[in-house]
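# Structural overview for review
For reference, the chains in residue letters:
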Amino acid sequence: MESMEKKVRELPSVELGVAFSWACQEVEELNLDGNTYFKYPSYPQGKWNKYVSRITNSIEPGNEVDYYIDIVNRFKPDVIHIFGSERSYGLMIPKIKVPTLIWIQGNLTVYAAKWYSGITRTEINKFTKLKTFINGMSWNHQYTRTMKAAAREQKIFAGCKYFTGRTQRDKRIASVLSPGSSYFHCEELMREAFYERQWDNPATGNELKLFTTIRSNIYKGLENIWETSMHLQKIGKGKISWKLAGISENEELAQLMVKKYKKTAKEIGLELLGKVDANRLVKELCETNVFVHPSHIDNSPNSVCEAMLMGVPVVSTYAGGIPSLMQDGKEGLMVQDGDSYAMAGAIMEVWNSPELARFFSENARKRGLERNDSQAIISRLFEIYEEVLRQEKGITFQQA
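Summarised in this report is the structure supplied together with it.

A tally of helices and strands in the chain yields 17 helices and 13 strands. Taken over the C-alpha trace, the chain has a radius of gyration of 22 Å; the compact-globule value for 400 residues is 21 Å, and the two agree within 12%. Expressed along its principal axes, the backbone C-alpha trace of the chain runs to roughly 65 × 50 × 40 Å. Excluding contacts between residues fewer than 6 apart, the proportion of contacts in the chain whose partners are at least 24 apart in sequence is 66%. When the 52 basic and 48 acidic side-chain charges of the chain are each reduced to a single mean position, those positions are 6 Å apart.

Here's what the structure looks like:
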C-alpha cells in the first residue's frame, strides 16, 4: 500500500486522502505534499480497556463507523478504496453515497475455517502459558475474536458492490459473499528494493540455505517448517540452514513449537530473525537457495511475489490464491498444505538440480516483472475507478 500511495501521490490531477487508526481522542487532519491524512481514535485505548477487550473477546465497536463518515464528509471523495475486509470500514458503505471498492486482502471467513489446520485446539490448551490465557491472548481467544470479525466481514461483503483483487480466489469469494457485485482484477505494487536486485544463487554441493517470511499466526504453517526441517535432517545429505523473518524465538508460537516437537529451532537448523526491513529481506533472499512458503491458508502473499520478482526459486503450499501467482513446475513447486513430507521432497528437487533452480528463477523473474509493473498497475487502478464512477454516476474523469 505504501508503494501504491507513493505513485498515486505523484499524479498532479489526484487529491489523495488516507485514513488510519491512531492513539488520539478525536479525528485529526494532517496535510502533507498536497494530500490529506486523517487519524481517528483506535480501539481500545489504555491498558485496562485493552485487557477487558481481550478477555471478553471484543472486536471494534460499531460506533467507529461514525469516525469514517465524519472523514468522508470532510474530504468529500469521488471514490473510496478500502484495503481489506477484516476491519469495520466496510460497515459505512450503506450509510454513504460515495462509490466504494474493497480491495480483498485476506478473508477471515476462510481463515477461521483453517485456524487449527496445523496446531490443534488441544495442543493450544496443553502448551500455552497460563499467563497468556489469563491475559486473553491465547490462540483460542484470538479464534473467537476472528469468528466475530468473520461474521462482520460477511455483512460487509453483502453490502459492497465493487471489489478489487489479484487472484481467482478473490473473485470466487466475492461472487459467493456478494452475489451480483462487480469484481476488477488489479495487481499490487511491491516495495522498490525488490525490483532492484536479481537472484543468482542455486544450491551447490552439500550445503542448502532456505528462507521464509512468516507471521506469528497459527494458520501460517510454522509447524510445517519444524517438521520439514526435521525430515531434511534425517535425509542427511548435507548442511541445511533455514532463516525465518517475521518471528523471533521469544514469541509464544515459536516456544509452542519447541514444546510440541521437543526440538529447539537451533537443533533443527532454524534461525528466527524477528522483524526485518525490506533491505535486509533483499539481502537474505539474494543469499538463499530456495524460498519456502508453508502457509495453510493465504490469499496473495506479498512474500511469494517479492521472491518471484527477484527470481528466487519458490517452494510453496498449494493454498488460497497462490495458484494464481505461480505455476507449479514452471515458476516453482507447490505441495498440499500440511504435507511436510512433500515439502521436504520438493525442496530436495530444487537442491539436487541447479538447472531446475535457474529454470524456475528465469520464469518467476519474468512473470514478476510483468505482473508488478508500476505504471501498468496505476493505469489499471484508475481504469477501475473510472468504471465504478461510470456505473454509479455516469461520469468519467481524466487521469494525468
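Following the sequence through the fold, Lys126 ends up in helix H5 (residues 121-127). As for Lys126 and Pro179, which are separated by 53 residues in sequence, their C-alpha atoms are 42 Å apart.

Another aspect to go through is the sheet that holds strand E10 (residues 270-274). Strand order in the open sheet formed by six strands is E10-E9-E8-E11-E12-E13, and the pairing between neighbours is parallel. Each end of this open sheet is capped by a strand with a single partner; those strands are E10 and strand E13 (332-335). Neighbour-to-neighbour, the strand axes of this sheet turn through a mean angle of 20°, independent of strand direction. Direction of pairing for strand E11 (residues 290-293) relative to strand E12 (residues 314-317): parallel, over a ladder of three bridges. Bridge pairing in E12 links Val292 to Val315.

This part takes up helix H16 (residues 354-371). With 18 residues, H16 extends 25 Å from end C-alpha to end C-alpha; this agrees with the ideal 26 Å at 1.5 Å per step. Here H16 has its buried residues at Ala357, Phe360, Ser361, Asn363, Ala364, Arg365, Gly368 and Arg371. Along its buried surface, H16 packs onto helix H9 (193-196), helix H13 (302-310), helix H14 (322-325), E13, helix H15 (340-352) and helix H17 (374-393).

In this section: the nonpolar core. By size, the foremost hydrophobic cluster in this structure holds 77 residues, and its most contacted members are Leu210, Leu222, Leu244, Leu270 and Ile347. No other element matches the seven residues that H15 contributes to this core. Ignoring anything within four residues of it in the chain, the contact list for Leu210 reads Leu232, Ile240, Ser241, Trp242, Lys243, Thr288, Val290, Val292 and Ile347. In this structure, Met92, Ile104, Phe163 and Ile173 belong to the second largest nonpolar core, which totals 25 residues.

Where two aromatic rings form a pair, the distance of their centres and the angle of their planes describe that pair. Under the criterion given, the structure shown has 17 aromatic pairs. The interplanar angle of 55° and the centroid separation of 5.2 Å between the aromatic rings of Tyr116 and Tyr143 together place this pair among those described as tilted. With Tyr116 in the loop between helix H4 (108-113) and H5 and Tyr143 in helix H7 (residues 139-159), the pair connects residues that are 27 residues apart, well separated along the chain. Given a relative accessible area of 18%, Tyr143 falls into the buried group.

Residues in a regular strand project their side chains so that they alternate between the two faces of the sheet. Counted residue by residue, E10 has four buried out of five residues, so it is predominantly covered. Sheet analysis places strand E9 (residues 239-245) next to E10, joined by four bridges and oriented parallel. Its bridge partner lying in E10, Lys243 is registered against Glu271. This β-α-β element, E9 to helix H11 (residues 252-261) to E10, shows right-handed connectivity.

Read across the open sheet, the three strands follow the order E1-E3-E2; overall the sheet is mixed. The outermost strands of the open sheet, each flanked by one partner alone, are strand E1 (17-22) and strand E2 (28-32). Taking the axes of each pair of neighbouring strands and ignoring which way they run, one obtains an average angle of 25° across the sheet. Looking at chain direction, E1 and strand E3 (residues 35-41) are connected through six bridges and run parallel. Bridge assignment links Trp22 to a residue of E3, and that residue is Pro41. Where helix H3 (residues 64-75) meets the sheet, its contacts fall on E1, E2 and E3, and the angle it forms with E3 comes to roughly 160°.

Take unusual backbone geometry next. Residue Pro44 is reached from Tyr43 by a cis peptide bond, and omega for that bond is -10°. Of note, Pro44 is situated in the loop between E3 and helix H2 (47-55). With a phi close to 55°, Asn57 is a non-glycine residue in the positive phi region. Of note, Asn57 is situated in the loop between H2 and H3. Positive phi, close to 55°, is recorded for Lys76, a residue that is not glycine.

A few words on the pattern of salt bridges. Applying the stated criterion across every chain yields a total of 21 salt bridges. Between Arg166 and Glu188 there is a salt bridge; the shortest N-O distance is 3.5 Å. Of this pair, Arg166 sits in the loop between strand E6 (162-165) and helix H8 (168-177) while Glu188 sits in the loop between strand E7 (182-185) and H9, placing them 22 residues apart in sequence. Look at Arg166 and you get buried, because its relative accessible area is 3%.

With that settled, consider the pairing of E3. Counting buried positions along E3 gives six out of seven residues, so the element sits mostly inside the fold. Counted between consecutive antiparallel strands, the loop separating E2 from E3 contains two residues, among which Asp33 sits at a positive phi close to 55°.

Now for the packing of helix H1 (residues 2-9) against H17. The geometry of a pair of packed helices is captured by two quantities: the angle between their axes and the separation between those axes. Where H1 contacts H17, the two axes come as close as 11 Å, and the packing angle between them is 75°. Judged by the inter-axis angle, H1 sits roughly perpendicular to H17. Where H1 approaches H17, its residues Met4, Lys7 and Val8 are matched on the opposing element by Ser374, Ile377, Ile378, Leu381 and Phe382. Counted by class, the contact of H1 with H17 contains six nonpolar, one polar and one charged residues.

Quick notes on the rules
Residues numbered from 1 in each chain as written. Predicted model: local features only at pLDDT ≥ 70, side-chain atom pairs only at ≥ 80, totals over all residues. Heavy atoms only, no water. Helix = DSSP H or I, 4+ residues; strand = E, 2+ residues; numbered from the N terminus. Rg over C-alpha atoms; globule rule 2.2 N^0.38 Å. Contact = heavy atoms within 4.5 Å. Lys, Arg positive; Asp, Glu negative; His and termini not counted. Charge placed at Lys NZ, Arg CZ, Asp CG, Glu CD. Pairing = 2+ DSSP bridges. Axes fitted to C-alpha atoms, helices over the stretch in contact; angles between N-to-C directions. Expected span 1.5 Å × (residues − 1). Buried < 20%, exposed > 50% of the residue type's maximum accessible area, 1.4 Å probe, protein only. Core = buried A, V, L, I, M, F, W, Y, C linked by side-chain atoms within 4.5 Å. Phe/Tyr/Trp six-rings, centres within 6.5 Å; stacked < 30°, edge-to-face > 60°. Right-handed = clockwise from strand over helix to strand, strands pointing away. Salt bridge = Lys/Arg side-chain N within 4 Å of Asp/Glu carboxyl O. Parallel < 35°, antiparallel > 145°, perpendicular 65-115°, else oblique. Nonpolar A, V, L, I, M, F, W, Y, C, P; charged D, E, K, R; others polar.

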